[in-house]
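Structural description and commentary
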Amino acid sequence: MNEDPSGDVWVAEQPPARVDVDGKLISLGQLETTWRSRIHFRPLLVRVLHKSRLRYYGKPEKKMDMPYQAYFEVADGSGMMSMVLWNSLCPEWYNSINVGTVLLLEQYAVKDSYPFKTQPTPRDSQMKRFTTIEISLNVRNPPTKISIISEEMVKPEWGLPEVKYRFVTRTELDDLPNNHSCDVIGLVTFVGRVERTRKKEDGEDFWLYRWAHAIDGTSDKPFILEIFATSQPDVFERIHPMTYLVCTQMRVVRDLSENPSHTIYLTTSNESQIFITGWHKGQPYTKDTKVKNFIQWTRTQSEANQMRKTVIGGYYPFPRPPNNFLKYCKNNKVESVLKAIGELGEEIEGLHYREHKRIAIQGIISAIRYIGCSSAAEDASGVEPVQVQHLRIHATGFYQEEINDAPETEEMTRTCSSWQSDLWAQVKDKLMKYLHHSMIFPESIPCKFDYMYKDLLMQQYNLHAAVHQPKETRIDKNISEFKSTGGFGYYEVTVLGINHDVAIDVAFLPLFGHEDPHLFPVEEVENDPLLSCMSCISSCQQATGNGTFYEIVKAAMDLDSKHVVCILDVCHLGDDKVEVFLSKIYKTVEADVPDPV
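Residues numbered from 1 in each chain as written. Predicted model: local features only at pLDDT ≥ 70, side-chain atom pairs only at ≥ 80, totals over all residues. Heavy atoms only, no water.

As recorded in an unreviewed UniProt entry, the protein chain goes by RPA1 related single stranded DNA binding protein, X-linked and comes from Chrysolophus pictus.

**Re the overall build of the protein chain**
Operational definition: A run of DSSP states H or I qualifies as a helix once it reaches four residues; a run of E qualifies as a strand once it reaches two. Both are numbered from the N-terminal end. Per-residue accessibility, obtained with a 1.4 Å probe over protein chains only, is compared with the maximum for each type, and a residue is labelled buried under 20%, exposed over 50%, and partly exposed between these values. By definition, residues are in contact when any of their heavy atoms lie within 4.5 Å. Areas reported here follow the Shrake-Rupley algorithm with a probe of radius 1.4 Å; residue values treat only the protein chains shown as occluding.
Assigned secondary structure in the protein chain consists of 16 helices and 27 strands. The burial tally for the protein chain puts 56% of its 597 residues in the buried class. Of the contacts formed within the protein chain by residues at least 6 apart in sequence, a portion of 74% connects residues at least 24 apart. With an accessible surface of roughly 28,000 Å², the protein chain has 49% of that area assigned to carbon and sulfur atoms.

**What to know about the packing of aromatic side chains**
Stated precisely, the cut-off is as follows: Stacked, tilted and edge-to-face are the three classes applied to pairs of Phe, Tyr and Trp rings, where Trp contributes its six-membered ring and a pair requires centres within 6.5 Å; stacked means planes under 30 degrees apart, edge-to-face means over 60, and tilted covers the rest.
All chains considered together, the criterion is met by 28 aromatic pairs. Look at Trp 207 and Phe 228: their rings are 6.5 Å apart centre to centre, the planes differ by 80°, and that puts the pair in the edge-to-face class. In this pair, Trp 207 sits in strand β11 (residues 206–215) while Phe 228 sits in strand β12 (residues 223–228), placing the two residues 21 residues apart along the sequence. On the accessibility criterion, Trp 207 (28% relative accessible area) is partly exposed. Between Trp 424 and Tyr 434, the ring centres sit 5.5 Å apart and the planes meet at 75°, which makes this aromatic pair edge-to-face. One end of the pair, Trp 424, is in helix α11 (residues 422–427); the other, Tyr 434, is in strand β22 (residues 433–437), and 10 residues separate them in sequence. For Tyr 434, a relative accessible area of 28% translates into the label partly exposed. Members of the aromatic cluster, each reached through a chain of ring pairs, are Phe 190, Trp 211, Tyr 265, Tyr 316 and Phe 318.

**Regarding the side chain of Ser 52**
Relative to the elements of secondary structure, Ser 52 occurs in the loop between β1 (44–51) and β2 (55–56). You can call Ser 52 buried: its relative accessible area is 2%. With residues up to four places along the chain from it excluded, the contact list for Ser 52 reads Ala 70, Tyr 71, Tyr 94, Asn 270 and Glu 271.

**Describing the environment of Ala 507**
Within the secondary structure, Ala 507 sits in strand β25 (residues 502–508). We classify Ala 507 as buried; its relative accessible area is 1%. Note: C-alpha distance between Ala 507 and Asp 569 (62 residues apart in sequence) is 9.8 Å.

**Describing unusual backbone geometry**
Between Asn 141 and Pro 142 the backbone carries a cis peptide bond, its omega angle lying at -10°. Within the element layout of this structure, Pro 142 appears in the loop between β7 (129–137) and β8 (145–149). A cis geometry characterises the amide bond from Phe 318 onward to Pro 319, with omega recorded as -5°. Despite not being glycine, Asn 141 has its phi angle at roughly 55°, a positive value. Locating Asn 141 in the fold gives a position in the loop between β7 and β8.

As structure tokens, then:
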């Protein structure tokens, strides 16, 4: 990824300079009021309070060696101002200029501020912000001189502000408004695989992201964290369960108009920084009271007890689509995403490695088949699953023989594991196109975290190894050998096109049987009767017992022959593996999608 400072050209750390800083300086406040009348500026002595991710602005038609840019917010006793690091200075200095770093700047340029850049939320409301100008550091015009002053050399009389934070606990998070900025610390209990999403719908640039859960002991609910790459590849790629994770400048995402109890989560901003165990030493936040309280809480916890709850990788169905399809359209600009089933083949072929897309299709739920644990395991390993003998439930009742009014028996409910509609029975052999995308793969199944194989698991769920690893040093263990988070089977759902000439098989994975009920909260699908029934499977034995599948059939028959909109989560897993999961079903009355003429 172009925004990651990876490779030999990126200097890992610049040593502190031995310089005399007692000479004549200029403050940021003085600089703002006098800069237009000056050609040369006296040195600045500042502390870094915020750091943005790298921005790569290279284009094929423009020949530039190092088209990089990074924003920082720096401050002295007079206030705070933006500072921009340009081009070849980024590889030289980006990794060394961090939040808390004290800098002596000489031979810098001053320019009018760029009006459209993001602004971090100031942690000190009393601090003055100088927003009309920014400090520009470049290799020429003029050649900037940057010196890092070690913390031991900083004198109180310089009046440099300390870095402040806004840590919140998980209990406090529930009361925060949408888009509120905060910092969090927690013990990681789940981390998902790394996925990519396009920055622009038709563009070739991608955002890199993953999901994580972290707990802090103040609530039984975790922080749900959407973590985009922050130009810290060594940290981003090594997030794993049981590490202490700090995320700064996170934004609250919640929609009170949808459902006040709807799950709240945090997402990174342009100025977010992330840190895990091994990276905390020397960070300014280690002095924060809430950080100290968290560390105190971790000392009271049983490591074995927390390990039992840890999960890594797999398909993560979050955030859930909203209850209302029009709101989904508004949130996702879905007018260009509502696809005909026949177009899905091309859409899937156009996916890049680990690219995730959410796609809406219109159709008719026509068949459902439950694939039990043993078959699912074979399916996930790429082996065609062996199907057990089972009865099919007809729209008007059961058949091998036709039994319309027969009482339900335990034997029947135990063996009934598939259903098809009358319409499907009539058209399935006459289709012009039938897409089969109900296969699941080892990468689709969340698995228990095993500390012994920590490096292997992290490697499996990243895009690639950060450093080339010779084959002889790798651990010879396949991802499918790790224990999954439950005895999950899954469902194959057939969606028929509204013109009855095309169809697609997709998968639905019930992820709600884990011992941590907050990992995949079942209430997220409670307003979707069919998916709610299918989600209540906590183990494969329950799928065909106690009338569970019969409840699924009843919910499916309520949709029989009705036009619905299905939201699909699609992700390219590499090679020829593409997972297609059913995430949401909207009835067309709710969806307000007109039938085609």
